[in-house]
Amino acid sequence: MDLFDTIDSRRSVKHYDANASLPETDFQRIMEAAIKAPTSFNIQHWRFVRVRDGALRQQIRAAAWNQAQVTDASELLVIVGDARAWARQPERYWRHADAATRDALVPMLQDFYRDRDWLQRDEAIRSGAMAAQNIMLSAKALGYDSNPMIGFDIDEVGRLLKLPEDHVIVMMLAIGTATSPAWPRSGQLALDELVVADHF
Ligand SMILES: Cc1cc2nc3c(=O)[nH]c(=O)nc-3n(C[C@H](O)[C@H](O)[C@H](O)COP(=O)(O)O)c2cc1C
């Protein structure tokens, strides 16, 4: 599928065939696409919790306004960002670069993020969101549908996943085989309301 067609046909689908599965080869392909998204200083803050346990899915559904896609979709991913990723052996993000580049960039990124908790958190969310879009588009390209979700009790889901203190939940993604289409588009704003020339 052409990229623009994929973008156009990706919609948030809420109803999934609970008996359908997503072959592992497709899942791996989607995840390989996920981790090719860009991240600041190549820090790759994303972590992906693949929820496979049916009982856990039920618990998450209960914490997510009982939204059926949480249990019915073939895959449920909770995208998480590690806000401290910048500090965890950052040399490894540049291990294939030449030494001069690595030696310049690693201290630079440490100086950029140190003592700026808000930026560490923003960056974790930014990276996770980039990966989420790659996942949704590649799932669509392979014939699946998806639903990004933040309609859940974030603290409760964090507790269920044993989320580390310095990680943040970015969003959940349900991925699977649709049983009914997305609602019609509910109201895109016009481009000329959104694109500002030079400054506000
Ligand atoms: C961060 C985020 C959270 C969302 N949370 C939910 C959700 O909890 N439940 C749901 O049904 N849709 C959720 N949506 C889907 C939006 O309602 C949907 O993206 C929007 O209406 C535009 O429709 P489209 O994705 O089909 O183009 C979420 C979307 C995003 C990006």
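The structure under discussion appears in the preceding block.
Cut-off values and rules
- Residues numbered from 1 in each chain as written.
- Predicted model: local features only at pLDDT ≥ 70, side-chain atom pairs only at ≥ 80, totals over all residues.
- Heavy atoms only, no water.
- Salt bridge = Lys/Arg side-chain N within 4 Å of Asp/Glu carboxyl O.
- Helix = DSSP H or I, 4+ residues; strand = E, 2+ residues; numbered from the N terminus.
- Buried < 20%, exposed > 50% of the residue type's maximum accessible area, 1.4 Å probe, protein only.
- Near = heavy atom within 4 Å.
- Polar contact = N/O pair within 3.5 Å; in protein donor to acceptor, adjacent residues only side chain to side chain.
- Areas by Shrake-Rupley, 256 points an atom, 1.4 Å probe, with all protein chains shown as cover.
- Nonpolar A, V, L, I, M, F, W, Y, C, P; charged D, E, K, R; others polar.
- Pairing = 2+ DSSP bridges.

Caption draft 1: Focus on the pattern of salt bridges. For the structure on display, the rule yields 9 salt bridges. Of the charged contacts, one joins Arg-88 and Asp-166 as a salt bridge, the two residues approaching to 2.7 Å between their closest N and O atoms. Placement of the pair is Arg-88 in the loop between strand 3 (75–82) and helix 5 (99–113) and Asp-166 in the loop between helix 7 (154–160) and strand 5 (167–176), with a sequence separation of 78 residues. For Asp-166, a relative accessible area of 28% corresponds to the partly exposed category. The closest approach of N and O atoms between Glu-156 and Arg-159, which form a salt bridge, is 2.9 Å. Here Glu-156 pairs with Arg-159, and both are found in helix 7, just 3 residues apart, close to one helical turn. Relative accessible area serves as the criterion here: at 26%, Glu-156 is assigned to the partly exposed category. The exposed category is assigned to Arg-159, whose relative accessible area is 55%.

Caption draft 2: Geometry of the site of the ligand. Every residue near the ligand is listed here: Arg-10, Arg-11, Ser-12, Lys-14, Gln-67, Gln-69, Asn-147, Pro-148, Met-149, Ile-150, Gly-151 and Arg-185. Between Arg-10 and the ligand, the recorded distance is 3.0 Å, taken from a side-chain N or O atom to an oxygen atom. Here an oxygen atom of the ligand sits 2.8 Å away from a polar atom, N or O, in the side chain of Arg-11. Starting from 610 Å² of accessible surface for the ligand in isolation, the protein chains cover 64%. The class makeup of the residues in the shell around the ligand is 3 nonpolar, 5 polar and 4 charged.

Caption draft 3: Expanded view of the pairing of strand 5. Within strand 5, 10 of the 10 residues are buried, which leaves the element mostly enclosed by the surrounding structure. The pairing of strand 3 with strand 5 spans 8 bridges and is classified as antiparallel. Across the sheet, Ile-79 pairs through a bridge with Met-171, a residue of strand 5. Alignment of strand 4 (residues 145–149) against strand 5, held across 5 bridges, turns out to be antiparallel.

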